[in-house]
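Chain residues, written in single-letter form:
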Amino acid sequence: MKIDLLHIGLILDIGFVILAWVLIRFSRVLGSLLDLIHRPPLEVWLRLSGWIMILGFSIPHYIAVAVFYPNIADPRMLQMLWLFRSFSGFSLLIAALLAFVPSFLYYRWTSQ
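In this report, the structure presented in the accompanying data block is examined. Because the structure is a prediction, the values reported are computed rather than measured.

Some points on the overall build of the protein chain
Logical step 1: Helices and strands together make up the secondary structure of the protein chain, namely three helices and zero strands.
Logical step 2: Seen in sequence order, the protein chain has helices and strands lined up from the N terminus as α-α-α.
Logical step 3: For 112 residues, the compact-globule formula gives about 13 Å, and the C-alpha radius of gyration of the protein chain, at 18 Å, lies well above that figure.
Logical step 4: Burial analysis of the protein chain (112 residues in total) assigns 33% to the buried set.
Logical step 5: On the protein chain, the mean spot of the 8 positive side-chain charges and the mean spot of the 5 negative ones are 6 Å from each other.

Some details on the packing of aromatic side chains
Logical step 1: Taken as a whole and judged by the stated rule, the model has three aromatic pairs.
Logical step 2: When the centroid spacing of 5.1 Å and the interplanar angle of 65 degrees are considered together, the rings of F68 and F84 count as edge-to-face. Of the two residues, F68 sits in helix α2 (residues 43-68) while F84 sits in helix α3 (residues 75-110), which places them 16 residues apart along the sequence.
Logical step 3: Its end group placed over the ring of W82, R85 keeps NZ or CZ at 5.1 Å from the ring centre.

Notes on the nonpolar core
Logical step 1: In terms of nonpolar packing, the biggest core is built from 12 residues, these being F16, A20, L23, L30, L34, L42, L46, M53, I54, F57, A95 and A99.
Logical step 2: Where this core is concerned, the elements lending two or more residues are α1 (9-36), α2 and α3.
Logical step 3: Discounting chain neighbours no more than four positions away, the residues touching L23 are L46, S49, G50, M53 and A99.
Logical step 4: Listed in part, the six residues of the second largest apolar core include A66, V67, F68 and L81.

A look at the packing of α2 against α3
Packed helices, taken two at a time, are described by the angle their axes make and the gap between the axes.
Logical step 1: Contact geometry of α2 with α3 gives a least axis separation of 8 Å together with a crossing angle of 160 degrees. Here α2 lies roughly antiparallel to α3, going by the angle between them. As α2 packs across α3, the resulting crossing turns out to be left-handed.
Logical step 2: Residues of the contact of α2 with α3, tallied by class, amount to 22 nonpolar, six polar and one charged.

Each value, and the rule that gives it
Residues numbered from 1 in each chain as written. Predicted model: local features only at pLDDT ≥ 70, side-chain atom pairs only at ≥ 80, totals over all residues. Heavy atoms only, no water. Helix = DSSP H or I, 4+ residues; strand = E, 2+ residues; numbered from the N terminus. Rg over C-alpha atoms; globule rule 2.2 N^0.38 Å. Buried < 20%, exposed > 50% of the residue type's maximum accessible area, 1.4 Å probe, protein only. Lys, Arg positive; Asp, Glu negative; His and termini not counted. Charge placed at Lys NZ, Arg CZ, Asp CG, Glu CD. Phe/Tyr/Trp six-rings, centres within 6.5 Å; stacked < 30°, edge-to-face > 60°. Lys NZ or Arg CZ within 6 Å of the ring centre and 35° of its normal. Core = buried A, V, L, I, M, F, W, Y, C linked by side-chain atoms within 4.5 Å. Contact = heavy atoms within 4.5 Å. Axes fitted to C-alpha atoms, helices over the stretch in contact; angles between N-to-C directions. Parallel < 35°, antiparallel > 145°, perpendicular 65-115°, else oblique. Left-handed = near helix turned anticlockwise from the far one by under 90°. Nonpolar A, V, L, I, M, F, W, Y, C, P; charged D, E, K, R; others polar.

Rendered as C-alpha cells:
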C-alpha cells in the first residue's frame, strides 16, 4: 500500500482549514453584533460550521487523496475513496448551510 503524504490536494485542505478558522473568528464578531442589536445568539452555528469543515471535510479529504488515490487499482480502495469523498462532500454541504443561516438572519435583522 502506497501513501502519498505531500500532494496537491493538501493545498485545498490547508485552504479549508484557514476558511474554518476565519468562520470561527467571524462567529465572535457576529456574536458581539447580535448582542448590540438585542437578537438571539446564533454565533454557535458558525463555530459548529467551522469545526464540521475541519473534522468532516478536511481530514477525510486528506485521507482520501493521500491514501486511497495512490492505491486506486485495488477495488476496496476505490470503494473507500467514494465513501470518504461522499462523506466529505456531505459535511461541506452541512457546514455551508450552518454558516449561511446566521449570516442571512443578521442581514435580515439589520436591513429592517
